Amino acid sequence: MISNKIPKVLVVEDELTARSLLMGYLQEQGWQVDALPGVESVLTQVAQQDYDLIFLDIRLPGGDGLSLCREIRAKFPAGVIFTTAIDDPIERIVGLEAGADAYYSKPLPMREMIAGAKALLRRVDQIKQLSVDNPQANRRQYQFSGWCFDSATQRLSGQTVLSLSHNETVVLRALCDRAGASVKRDDLMRALGKIDWMPFDRTLDVLIGRLRSKLKKIVPDGGNLISAQYGKGYILNAQEI
């Protein structure tokens, strides 16, 4: 069940005008909004305040948003949205691979961004509630024959070590939690924050393809570890040791 608590949001932006504008727009949604001008003390404040959503610039004083995003992903369930002046497709891909849930270029498309933020808040709330109701949701490491998955560091280990994107981590974690059993497509899409997804949405299929490719590199026959179950979903063909 989705809670009725007021979302707690953090804006990390060094430019005063942009920071004030974004804060004002978010506060109009009825959200509790804090702000920081750089990377210093961000992790400490996130740990103390348990934010639901973080708006993060990529270029920041004292560090970079990409590294900060990876650290947030490793430690906290908060959603992360990049807001940046860099309007480049490659930068966008890098940002999403660093673990961001969304990436918007300035001038920010406020209405579109708020709609996406609200959907992301629903997903974050579900994840936090699951962590309370289900201790299994707090698991970080999964050990299988010949390979290991660490969801905290978003890494696969076996014949080599490979990094996963945030969404790849979400999908593989859901499959690992029910290894050997079929996981419904709808459950996997909801884990990705896609509550009202359309039948032609291929997001999950692309992520499964990427996971198969990476599993193939870390363990023999790894490309066959994830199987499609027609009309049901996907299954991880492995048992923990």
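J.: Can you explain the packing of aromatic side chains? Please cite residues and give values.
T.: Under the defined criterion, the tally for this structure stands at 3 aromatic pairs. Ring geometry for Tyr142 against Phe149: centres 5.6 Å apart, planes inclined by 15°, an arrangement best described as stacked. Judged by relative accessible area, which is 0%, Tyr142 ranks as buried.

J.: Now, about empty space enclosed by the protein: what can you tell me, with residues and values included?
T.: Considering all chains together, one arrives at 1 cavity of 30 Å³ or more under this definition. In terms of lining, the largest cavity is formed by Val11, Glu13, Ala18, Arg19, Leu22, Thr83, Lys106 and Leu108. If you tally residues by element for the lining of the largest cavity, the top one is helix α1 (residues 16-27), at 3 residues. Here the residues of the lining of the largest cavity sort into 4 nonpolar, 1 polar and 3 charged.

J.: Can you explain the sheet that holds strand β8 (residues 141-144)? Please cite residues and give values.
T.: Taken together, the 4 strands give an open sheet; going across it, the order is β8-β9-β10-β11, and neighbouring strands pair in antiparallel fashion. If you trace the sheet from one side to the other, it starts and ends with β8 and β11 (161-163), each paired once. Averaged over neighbouring strand pairs, the angle between their axes works out to 15° when direction is ignored. With 4 bridges joining them, β8 and strand β9 (residues 147-150) adopt antiparallel strand pairing. If you follow Phe144 over to β9, its bridge partner there is Trp147.

What counts and what doesn't
- Residues numbered from 1 in each chain as written.
- Predicted model: local features only at pLDDT ≥ 70, side-chain atom pairs only at ≥ 80, totals over all residues.
- Heavy atoms only, no water.
- Phe/Tyr/Trp six-rings, centres within 6.5 Å; stacked < 30°, edge-to-face > 60°.
- Buried < 20%, exposed > 50% of the residue type's maximum accessible area, 1.4 Å probe, protein only.
- 1 Å grid on protein atoms, 1.4 Å probe; cavity = no way out; pocket = protein on both sides within 12 Å on 5 of 7 lines; lining within 4 Å.
- Points joined across faces, edges and corners; volume = space filled by probe spheres on them.
- Helix = DSSP H or I, 4+ residues; strand = E, 2+ residues; numbered from the N terminus.
- Nonpolar A, V, L, I, M, F, W, Y, C, P; charged D, E, K, R; others polar.
- Pairing = 2+ DSSP bridges.
- Axes fitted to C-alpha atoms, helices over the stretch in contact; angles between N-to-C directions.

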